[in-house]
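# Residue-level structure breakdown
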Amino acid sequence: MKKINKQEMKKIFLDGIVYKNPIIVQLLGMCSALAVSTSVINGLGMGASVTAVLVFSNVIISLLRNVIPNQIRIASYIVVIAGLVTVVDMVLKAYIPSLSASLGLFIPLIVVNCIILARAESFASKNPVLASAADGLAMGIGYTAAMVVVSAIREIIGNGTILGFDIFGGNYSPALLIILPPGGFLVLGGVIALFQYVRSKTEKKEGEK
């Protein structure tokens, strides 16, 4: 088995979390990012679910990459992903039914999440198991981090709470627009714009050095 060094591992994690963040940079998985990011709990739950599917699907596809015929590779990837999503959905329903009810249809829809199929095709099918697992974990962390940031902003402004706890007191008048679909677009757009601004400033400073 090909080993990956620390530099390669560092690059995988920096790509997944920062430079190729699936939501903020690649703009993948936008449906769930907009639909369920009304509270931090939802963001964490969706992030953890997607991360689990990413890691295990990458590992399985990497293990099978040399035996899956090229002509049916996409169909094979979808079968693997669908099986893992079913397991995640059943686990949530069994152990965290309230979260499962809150996320609703968006857990089964992980099957068609562009992030997972993209990583299977572009990375796991071409790399060894350890690197593929690291890529899945890094992309999952990046996805979860973006979800939590967007969810926290929407919950604080739209409900005046964080993790369900009131932080502004009874006199606060929540901006309900933020927890509605238009608010999701506004907050996500603002987060993406801020990220790109900070990134461009950082790259400019590094270039000047």
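Described in the following lines is the structure provided in the data block. Predicted model only: the values in this text are computed from it and were never measured. Think of each chain on its own: its residues are numbered from 1, step by step along the sequence as written. Where local features are concerned, this predicted model is filtered to residues with pLDDT of at least 70; where side-chain atom pairs are given and counted, the filter is 80 or more; whole-chain, interface and lining totals use all residues. Note that water and hydrogens are dropped before the side-chain values are worked out from all heavy atoms of the structure.

## A short note on the packing of helix 3 (residues 40–64) against helix 4 (residues 73–95)
Quick note on the threshold: Every axis in this analysis is a line fitted to C-alpha atoms, fitted for helices over the stretch in contact. Angles between the N-to-C directions lie between 0 and 180 degrees. Every helix listed is a DSSP run of H or I at least four residues long, and every strand listed is a run of E at least two residues long, numbered separately from the N terminus. What makes a crossing left-handed is the near helix being turned counterclockwise from the far one by less than a right angle; a clockwise turn instead makes it right-handed. Only heavy atoms enter the contact rule, under which two residues are in contact if any of them lie within 4.5 Å. Residue type decides the class: Asp, Glu, Lys and Arg count as charged, Ala, Val, Leu, Ile, Met, Phe, Trp, Tyr, Cys and Pro as nonpolar, and the leftover types, Gly among them, as polar.
At their nearest, the axes of helix 3 and helix 4 sit 9 Å apart, and the two run at 145° to each other. As for how helix 3 packs across helix 4, the hand of that crossing is right-handed. In this structure, helix 3 uses S49, A52, V53, F56, S57, I60 and I61 to contact helix 4, whose residues at the interface are Y77, V80, I81, L84, V85, V88 and L92. A breakdown of the residues in the contact of helix 3 with helix 4 according to their chemical character gives 12 nonpolar, two polar and no charged.

## A few points about the packing of aromatic side chains
We count it as follows: In this scheme Phe, Tyr and Trp rings, the latter by its six-membered ring, pair at centre separations within 6.5 Å, and the angle between planes marks the pair as stacked below 30 degrees, edge-to-face above 60, and tilted otherwise. The rule is simple: take the accessible area with a 1.4 Å probe, protein chains only, and divide by the maximum for that residue type; under 20% is buried, over 50% is exposed, in between is partly exposed.
Applying the stated criterion across every chain, the model contains one aromatic pair. Summarising the aromatic geometry, the rings of F168 and Y172 are spaced 4.6 Å apart at their centres and angled 40° between planes, so their arrangement reads as tilted. Of the residues examined, F168 reaches a relative accessible area of 43% and is grouped as partly exposed. Since its relative accessible area comes to 28%, Y172 is described here as partly exposed.

## Considering the environment of N113
Following the sequence through the fold, N113 ends up in the loop between helix 5 (97–103) and helix 6 (114–124). Separated by 43 residues in sequence, N113 and N70 have C-alpha atoms that sit 21 Å apart. Excluding its chain neighbours within four sequence positions, the residues that come into contact with N113 are G29, S32, V50 and Y143.

## A closer look at the pattern of salt bridges
Formally: When a carboxyl oxygen of Asp or Glu lies within 4 Å of a side-chain nitrogen of Lys or Arg, that pair is called a salt bridge.
In total, this model carries five salt bridges according to the counting rule given. Across the pair E203 and R199 runs a salt bridge whose closest N-O atoms are separated by 3.1 Å. With a gap of four residues between them, E203 and R199 both fall in helix 8 (residues 181–208), about one helical turn apart.

## Regarding the packing of helix 1 (residues 6–19) against helix 7 (residues 129–159)
Describing two packed helices takes the angle between their axes plus the distance from one axis to the other. Rules: Working rule for angles: under 35 degrees goes down as roughly parallel, over 145 as roughly antiparallel, 65 to 115 as roughly perpendicular, anything else as oblique.
Two elements in contact, helix 1 and helix 7, have axes separated by 7 Å at closest approach and are oriented at 30°. In terms of axis orientation, helix 1 runs roughly parallel to helix 7. The two elements helix 1 and helix 7 cross, and the hand of that crossing is right-handed. Residues M9, I12, F13, D15, G16 and I17 of helix 1 pack against L130, A131, A134, D135, L137, A138, M139, I141 and G142 of helix 7. Considering only residue class, the contact of helix 1 with helix 7 consists of 11 nonpolar, two polar and two charged.

## Describing unusual backbone geometry
With phi around 55°, L27 is a residue other than glycine that occupies positive phi space. Locating L27 in the fold gives a position in the loop between helix 1 and helix 2 (30–35). Note on L27: relative accessible area 45%, which makes it partly exposed.

## Some thoughts on helix 1
Heads up, the rule is: Relevant arc is that of directions from the helix axis to the C-beta atoms, nothing else.
When we look at burial in helix 1, the residues that qualify are I12, D15 and G16. Along the long axis of helix 1, the arc covered by the buried residues comes to 90°, so they all point the same way. Those residues of helix 1 that are exposed and angled more than 90 degrees off the buried face are K6, Q7 and K10. If you follow the buried residues of helix 1, they end up packed against helix 6 and helix 7.

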